[in-house]
Amino acid sequence: MKKSRKVEVEIPPTPDMQAEAAAYAAGYRHVCGIDEAGRGPLAGPVVAAAVILPQGYSLPGLTDSKKLTAAKRETLYRHLMADNSVIKCVAEASVQEIDKLNILRATHLAMARAAQGLTPVADFCLIDGLAVPGFPLPSQNMVKGDARSLSIAAASILAKVTRDHYMTELAKQYPQYGFERHAGYGTKAHLEAIRTHGITIHHRRTFAPVAQMELPLGV
């Protein structure tokens, strides 16, 4: 595993490419931002995205996905996906991997898959949140990175919208659970659906609200 070099950056008031520029100035050639979606839900995979933006990239409205409406996220998602100058990869860790590894390790696995799935593979990764021990590529964590780094903000949108699309499709198979409304989170309606219908193969059996119900596996 390559040894990471520390890249020092100031905290900008809004997402920009200051962190990416600092990494390029340190000698890296392919700098990506990484974020995830779906650590908290009771059902569905955890999804991670890795994004390399062209230096000097700008997209009006691009910011932390949590600050955007669903409609605005969809618009930005389409722009990012259609732009061939934006290098991106979206990956996931399955429900089975979450139950086997635990959610933190599964999240890190999805992040590594996304970064290593880029072409070219990133040689430096800006990762939203806390440090990821043993990450297979040189990296630096950025707490609240989706509000600071433009490439992490882009990754947050790709991860969030991709997962929302997945859960909307899952809802067509399991309409009684309302996945299209809550994306698998433990809402009152979702918990009531579990009590009524049992769990599916898409529920995380190691998550307390699911495990404590001790219900048989549903459809």
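Residues numbered from 1 in each chain as written. Predicted model: local features only at pLDDT ≥ 70, side-chain atom pairs only at ≥ 80, totals over all residues. Heavy atoms only, no water.

## Focus: the layout of surface pockets
For clarity, the threshold we go by: Grid points spaced at 1 Å and placed over the protein atoms alone form the basis of the search, with a cavity being a set where a 1.4 Å probe fits but cannot get out and a pocket an open set showing protein on both sides within 12 Å along at least five of seven lines. Lining residues have an atom within 4 Å of a point. Grid points are joined across faces, edges and corners, and a volume is the space filled by probe spheres set on the points. Helix and strand definitions follow DSSP, with helices as H or I runs of at least four residues and strands as E runs of at least two, each counted in order from the N terminus. Amino acids outside the nonpolar list (Ala, Val, Leu, Ile, Met, Phe, Trp, Tyr, Cys, Pro) and the charged list (Asp, Glu, Lys, Arg) are all regarded as polar, and Gly is one of them.
There is about 260 Å³ of room inside the largest pocket. Elements represented by at least two residues in the lining of the largest pocket include exactly β1 (31-37) and α5 (150-173). If one sorts the elements of the lining of the largest pocket by residue count, α5 sits on top with four residues. Here the lining of the largest pocket is composed, by residue class, of three nonpolar, three polar and 10 charged.

## Quick look at the pattern of salt bridges
For clarity, the threshold we go by: The term salt bridge refers to a pairing of a side-chain nitrogen on Lys or Arg with a carboxyl oxygen on Asp or Glu at a separation within 4 Å. Throughout this description, buried means an accessible area under 20% of the type-specific maximum (1.4 Å probe, protein chains only), exposed means over 50%, and partly exposed covers the range between.
All told, the structure shown has seven salt bridges when counted by the stated rule. Notably, a salt bridge pairs K66 with D64, separated by 3.2 Å at the nearest N-O pair. On the accessibility criterion, K66 (62% relative accessible area) is exposed. One salt bridge connects K160 with D164, and the closest N-O pair in it is separated by 3.3 Å. On the criterion of helical spacing, the pair formed by K160 and D164 is a turn pair, its members being four residues apart in helix α5.

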